[in-house]
Amino acid sequence: LYEEELGEAWLQYLDIEQSQITKTIFSDVSQPGNFEFHLLLGGAGTGKTIVLLNLILSLSEKGRSVVSIFQNSVAKYLQSGKQKIPGLHIPPHPGSVVVQDDPLNFDELLSLMKNCRKEGVRALVVALDPLQWTERRVLEKFNELIDVTGPKVHTLQTCYRQSFEIGSKAVEVTKN
């Protein structure tokens, strides 16, 4: 039933918006330089994870050291095809580009950022939807994160990986 979604073409497909953001981040972090922090923001189904996967693959192809951090279920899905994720769950190290998908909360993200700076990584790229965090004062904490860390923010607007039912429910909840 979902065979197409396990194919390499689907797993790595980028639309125009996603492709442009991937190229922008790649251009910023692929060369030596000072530490950079990039935030990729978007709701469910906007392609944050796929942008990260393409960024990781592009960096790896260029010989850059990459550290990939995904939840186990997401990593298993992304590796369901022939392509394996470079740098999956290895520790941050000097000069590497650390890429994390959906940190569980604000504290996890801050801890990772501190560790990256301590280890001398080149860049940290994090994809998240702060509205999926369940902790209290999430928007205040998120705004504080932006103010304190000054990341380069990239926003995905187009949602296309959700089913019709989920999309309909989201529209209904938004209207109410």
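Below is a summary of the structure that appears in this document. Quick caveat: nothing in here was measured; it's all calculated off a predicted structure.

Quick look at the packing of helix H2 (residues 16-29) against helix H3 (residues 48-61)
Two elements in contact, H2 and H3, have axes whose closest approach is 10 Å; the angle formed by their N-to-C orientations is 40°. Between H2 and H3, the angle falls in the class oblique. The two elements H2 and H3 cross, and the hand of that crossing is right-handed. Contact with H2, carried on its side by Gln-18, Ile-21, Thr-22, Ile-25, Phe-26 and Val-29, involves Val-51, Asn-54, Leu-55, Ser-58 and Leu-59 of H3 and no other residues of that element. Taken together, the residues of the contact of H2 with H3 break down into seven nonpolar, four polar and no charged.

What about the nonpolar core?
Within soluble globular proteins, side chains that are nonpolar tend to cluster in buried spots. With 25 residues, the main nonpolar core has Val-99 and Val-125 as its most contacted residues. The set of elements that each furnish at least two residues to this core consists of H2, H3, helix H4 (72-78), strand S3 (97-101) and strand S4 (123-128). Val-98, Val-126, Leu-128 and Val-138 belong to the second largest nonpolar core, which has 18 residues in total.

Notes on the sheet that holds S4
The five strands lie next to each other as S2-S3-S4-S1-S5, forming an open sheet whose pairing is parallel. Each edge of the open sheet carries a strand with a single partner, namely strand S2 (66-69) and strand S5 (152-155). Averaged over all adjacent pairs, the angle separating strand axes in this sheet is 15°, with direction ignored. Of the pairings in the sheet, the one linking strand S1 (residues 36-41) to S4 comprises six bridges and is parallel in character. When the bridges of S4 are listed, Leu-41 appears paired with Leu-128. Contacts from H3 reach S1, S2, S3 and S4 within the one sheet, and its direction differs from that of S3 by about 160°.

The rules behind the values
Residues numbered from 1 in each chain as written. Predicted model: local features only at pLDDT ≥ 70, side-chain atom pairs only at ≥ 80, totals over all residues. Heavy atoms only, no water. Axes fitted to C-alpha atoms, helices over the stretch in contact; angles between N-to-C directions. Helix = DSSP H or I, 4+ residues; strand = E, 2+ residues; numbered from the N terminus. Parallel < 35°, antiparallel > 145°, perpendicular 65-115°, else oblique. Left-handed = near helix turned anticlockwise from the far one by under 90°. Contact = heavy atoms within 4.5 Å. Nonpolar A, V, L, I, M, F, W, Y, C, P; charged D, E, K, R; others polar. Core = buried A, V, L, I, M, F, W, Y, C linked by side-chain atoms within 4.5 Å. Buried < 20%, exposed > 50% of the residue type's maximum accessible area, 1.4 Å probe, protein only. Pairing = 2+ DSSP bridges.

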